Amino acid sequence: MTDALHIDVPHTDGTRAVIALSGEFDIASAPAVRARALDLIANGHPDLVADLAGVTFCDSSGLGALVGIWRCAKDADGSLTLAAIPDRLGRLLSVTGMDTFLPVHPSADAALAARRDDRTTT
Amino acid sequence: MRRYDILDTPPDGAYDRVAALAARLFEVPVATVTIVDEDRIWFKATHGLEGVTEIGRDPGLCASAVLTDDTTVIPDTLLDPVACSNPLVAGPMGVRFYAAAPIITADGYRLGTVNILDTRPREINEADSATLADLAAVVRDQLELRLSALHVVRAEQEKRQAEEEARQRAERDKAAIAAFASTLQRTLVPPVLPAVPGLELACHYKTASPQEVGGDFYDVFPVGAGRWAFFLGDVCGKGAEAASVTSLTRYTLRAAALVDAEPTAALKALNAALLLDAAVGTRFCTAIFGLLDPVRDGGFTVTLATGGHPPAYHLSPTDDGGMRVEAVRAKGGMLVGAFAEAAFASRTLHLAPGQGLLLYTDGLTEARTAEGDMLADTGLTDFLAQRQVPVRAGCLIDDTVALLDTLPDTERDDVALLALSVPTPDAAPAGITTTAHSAAAPTAGASVGQENRRP
């Protein structure tokens, strides 16, 4: 039933990077996501797009990792944009009010294209 | 000799056979296997010599035989200056011939002798001496074998004992950790629910593991002027880190409510407190905060504010005997402690007699059914719609715990449940029923005081 989380970085471009997650984003996998994202920020890519299309499950630890990443990106004068959010995760982001803080886009490409406009929200 | 642990052991076929073999080979009436102790000669095996188990060392035939590495042969004892006075020789047995080969261990210790005795003088040749020495070597091998077997058995016993001690120590450690976790847990959630006039309250609390402090929390407490406040929430994370946030959360909400019981104000105060904390950035939670204001004609006005938490459910019986289940959502209401700009909103409802309110953490809605799907809001709504009317908090919690018990994978997360119901005038004439369920383990319906019981 458990579905290990895979973390990919399919795209980096200047300050931007896309971090793509697939599988269960929970207490077991959240630290790895956080570490990978902070690594990208530290390596000059503070404008992160989290492609969440493959996330099958996300709990409060997953949300916690997103908040932590958002905070670090902001401290590095960057941003965190969410892309391709599955329905259930979308409801979770809505319940927690995180969608009002984190820009959301239908796809990673759309997020990259719109990044400049969205930075005002970070 | 001590290490062979052979003295005074019961007769042993192997040594008896050596004695019998010696008697037959040499055609003598008596053959013995003796072990020489500090002050006695002990007969491990005898052939042709009944009722003798030991004799003194001095003066002894064996005693002198054991002192030499070679086979001792006394062809005629009466001609031997030492042997002639030996009781075996001078006594009724009248031993005239004696030969003995020492039993020499691998490391050179002489433990005893293999002896042959006859009542008439005789000679033995070199080959016979060697045979007697071989019999002594057989006894030596037998002793060595027995010793190594003893070593193995002892090592095995010691290993088993060490394992048992380690297991007991681990059990004690585990119990101590569980006891510590459960004690700490009691500082995070109230050990008993208070008795609120005109209200039935019930709760259930289960941590994913008895060794770990949960991140879920709830509380119910008076805020003065007949009003009561309650909250329930979930701290992101688990273990000691989550427990410290839970503790901060519980006391901040209690203190804030005493200053201003308005639910959004309490959540704002908590948001500020968590953001001011040194470990900011990793410490946040979701919470529902409610305020109960008694209504003169029965029931309560409930003001509910949500901080990023799944909605509470308001259960109200309909006129046709059914159950209306409404998710209580307030617009806005973000994760508490994550964003400085977080906004919180509240909603007001009337909790009338016969109605109930269920608050829960995501351990309930994210529990998987046997088919592998999450129970989710829809599953919970359907389940609540089938509850009996009028709503009773105790039954609601019992039913929900029973539901959790039917799900296969509920040890994944903590679960906290808090139910409130207003008794109908005909029911519970005594007024208050407080049903508290507290279980640190996945045990249905465990009462307060039972901790860490696992199936």
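First, a word on what this report is: a plain description of the structure on this page. Keep in mind the model is a prediction, meaning the values are calculated, not measured.

### A closer look at the overall build of chain B
And step 1. Counting its secondary structure elements, chain B contains nine helices and 17 strands.
And step 2. Counting across all 455 residues of chain B, residues that qualify as buried make up 49%.
And step 3. Partitioning the intrachain contacts of chain B with sequence separation of at least 6 by distance along the chain shows that 67% fall at a separation of at least 24.
And step 4. Per element, the accessible surface of chain B, about 20000 Å² overall, is 54% carbon and sulfur.

### Points about the pattern of salt bridges
Residue and element names in this part refer to chain B.
And step 1. With the rule as written, the count across this model stands at 16 salt bridges over all chains.
And step 2. Of the charged contacts in the structure, one is a salt bridge between R140 and D141, with a shortest N-O distance of 2.8 Å.
And step 3. By relative accessible area, which is 23% here, R140 ends up partly exposed.
And step 4. Look at D141 and you get partly exposed, because its relative accessible area is 42%.

### As for empty space enclosed by the protein
And step 1. Evaluation of the coordinates by the stated rule reveals five cavities of 30 Å³ or more.
And step 2. What the largest cavity holds in volume is close to 80 Å³.
And step 3. B:T32, B:F43, B:C62, B:L88 and B:L117 are, among the 13 residues lining the largest cavity, the residues nearest its centre.
And step 4. Elements supplying a minimum of two residues to the lining of the largest cavity: strand 1 (30-36), helix 2 (61-65) and strand 6 (110-118) of chain B.
And step 5. Considering only residue class, the lining of the largest cavity consists of ten nonpolar, three polar and no charged.
And step 6. The volume enclosed by the second largest cavity comes to roughly 70 Å³.
And step 7. As for the second largest cavity, its lining consists of A:I27, A:D59, A:S60, A:S61, B:G215, B:D216, B:D234, B:V235, B:G237, B:K238, B:D413 and B:D414.
And step 8. Among the elements of the structure, helix 2 (60-75) of chain A together with strand 9 (227-235) of chain B are those that each provide at least two residues to the lining of the second largest cavity.

### Concerning the environment of B:V302
All names here are of chain B.
And step 1. Among the structural elements, V302 can be located in strand 11 (residues 300-307).
And step 2. With relative accessibility at 0%, the residue V302 sits in the buried group.
And step 3. Taking the C-alpha atoms as reference points, V302 and T348, 46 residues apart in sequence, are found 5.6 Å from one another.
And step 4. Residue contacts for V302: discarding those within four places in its chain leaves F230, L291, L292, R347, T348, L349, L351 and L357.

### With respect to the layout of surface pockets
And step 1. Its volume calculated, the largest pocket comes out at about 540 Å³.
And step 2. Residue composition of the lining of the largest pocket, grouped by class: twelve nonpolar, ten polar and seven charged.

### Focus on the sheet that holds strand 3 (residues 47-58) of chain A
Residue and element names in this part refer to chain A.
And step 1. Taken together, the five strands give an open sheet; going across it, the order is 1-2-3-4-5, and neighbouring strands pair in mixed fashion. Only two strands of the sheet have a single neighbouring strand rather than two, namely strand 1 (6-13) and strand 5 (104-105).
And step 2. Sheet topology places strand 2 (residues 16-25) next to strand 3; nine bridges connect them, and they run parallel. Paired with A20 across the two strands is D51, which belongs to strand 3.
And step 3. Along the sheet, helix 1 (residues 30-42) makes contact with strand 1, strand 2 and strand 3, crossing strand 2 at roughly 175°.
And step 4. Helix-sheet contacts for helix 3 (residues 87-95) involve strand 3 and strand 4 (79-83), and the interaxial angle to strand 3 is about 115°.

### A short note on the interface of chain B and chain A
Accessible area lost during the coming together of the parts is what is often quoted as the interface size.
And step 1. Of the residues lining the interface, 28 residues belong to chain B; the matching set on chain A comes to 23 residues.
And step 2. The junction of chain B with chain A conceals about 1900 Å² of combined surface from both sides, 64% of it contributed by carbon and sulfur atoms.
And step 3. Between the two partners, chain B and chain A, sit one salt bridge.
And step 4. A salt bridge links B:R368 to A:E24; its shortest N-O distance comes to 3.3 Å.
And step 5. Taken together, chain B and chain A are joined by three residue pairs in polar contact (both at pLDDT 80 or more).
And step 6. Taken together, the residues of the side of chain B that touches chain A sort by class into eleven nonpolar, nine polar and eight charged.

### Here's the deal with the environment of B:A343
Residue and element names in this part refer to chain B.
And step 1. For A343, the location among the structural elements is in the loop between strand 13 (323-328) and strand 14 (346-351).
And step 2. For A343, a relative accessible area of 40% puts it in the partly exposed group.
And step 3. Sequence separation of A343 and N271 is 72 residues, and the distance between their C-alpha atoms is 9.5 Å.

### A short note on the sheet that holds strand 2 (residues 40-47) of chain B
Residue and element names in this part refer to chain B.
And step 1. Spatially, the six strands line up as an open sheet ordered 3-2-1-6-5-4, and their pairing is antiparallel. What marks the edges here is a single partner per strand, and that holds for strand 3 (54-56) and strand 4 (72-74). Taking each pair of neighbouring strands and ignoring which way they run, the sheet shows an average axis angle of 25°.
And step 2. Note: strand 1 against strand 6, six bridges, orientation antiparallel.

### Overview of the side chain of B:D414
And step 1. By the element assignment, B:D414 lies in the loop between helix 9 (393-406) and strand 16 (415-421).
And step 2. Not counting residues up to four positions away in its chain, the partners in contact with B:D414 are B:K206, B:T207, B:A208, B:G214, B:G215, B:D216, B:K238, B:T361 and B:G363.

### Some details on the side chain of A:D51
Residue and element names in this part refer to chain A.
And step 1. When you line up the elements, D51 lands in strand 3.
And step 2. Although D51 is buried, it makes no salt bridge; R36 carries the closest opposite charge, 14 Å away.
And step 3. Excluding anything up to four places from it in sequence, D51 contacts V18, I19, A20, L21, A83, A84 and A108.

### Overview of unusual backbone geometry
And step 1. The linkage connecting B:V389 with the following residue, B:P390, adopts the cis geometry, with an omega of -10°.
And step 2. With respect to the helices, strands and loops of the structure, B:P390 is situated in the loop between helix 8 (376-385) and helix 9.
And step 3. Look at A:D77: it is not a glycine, yet its phi comes out positive at around 60°.
And step 4. One can find A:D77 in the loop between helix 2 and strand 4.
And step 5. A:D77 sits in the exposed class, given a relative accessible area of 59%.
And step 6. With phi around 60°, B:A376 is a residue other than glycine that occupies positive phi space.
And step 7. Residue placement: B:A376 occurs in helix 8.
And step 8. Taking relative accessible area as the criterion, B:A376 reaches 23% and is therefore assigned partly exposed.

What counts, and where the lines are drawn
- Residues numbered from 1 in each chain as written.
- Chains lettered and ligands numbered in written order.
- Predicted model: local features only at pLDDT ≥ 70, side-chain atom pairs only at ≥ 80, totals over all residues.
- Heavy atoms only, no water.
- Helix = DSSP H or I, 4+ residues; strand = E, 2+ residues; numbered from the N terminus.
- Buried < 20%, exposed > 50% of the residue type's maximum accessible area, 1.4 Å probe, protein only.
- Contact = heavy atoms within 4.5 Å.
- Areas by Shrake-Rupley, 256 points an atom, 1.4 Å probe, with all protein chains shown as cover.
- Salt bridge = Lys/Arg side-chain N within 4 Å of Asp/Glu carboxyl O.
- 1 Å grid on protein atoms, 1.4 Å probe; cavity = no way out; pocket = protein on both sides within 12 Å on 5 of 7 lines; lining within 4 Å.
- Points joined across faces, edges and corners; volume = space filled by probe spheres on them.
- Nonpolar A, V, L, I, M, F, W, Y, C, P; charged D, E, K, R; others polar.
- Pairing = 2+ DSSP bridges.
- Axes fitted to C-alpha atoms, helices over the stretch in contact; angles between N-to-C directions.
- Buried area = accessible area lost by both parts, 1.4 Å probe.
- Polar contact = N/O pair within 3.5 Å; in protein donor to acceptor, adjacent residues only side chain to side chain.
- Lys, Arg positive; Asp, Glu negative; His and termini not counted.

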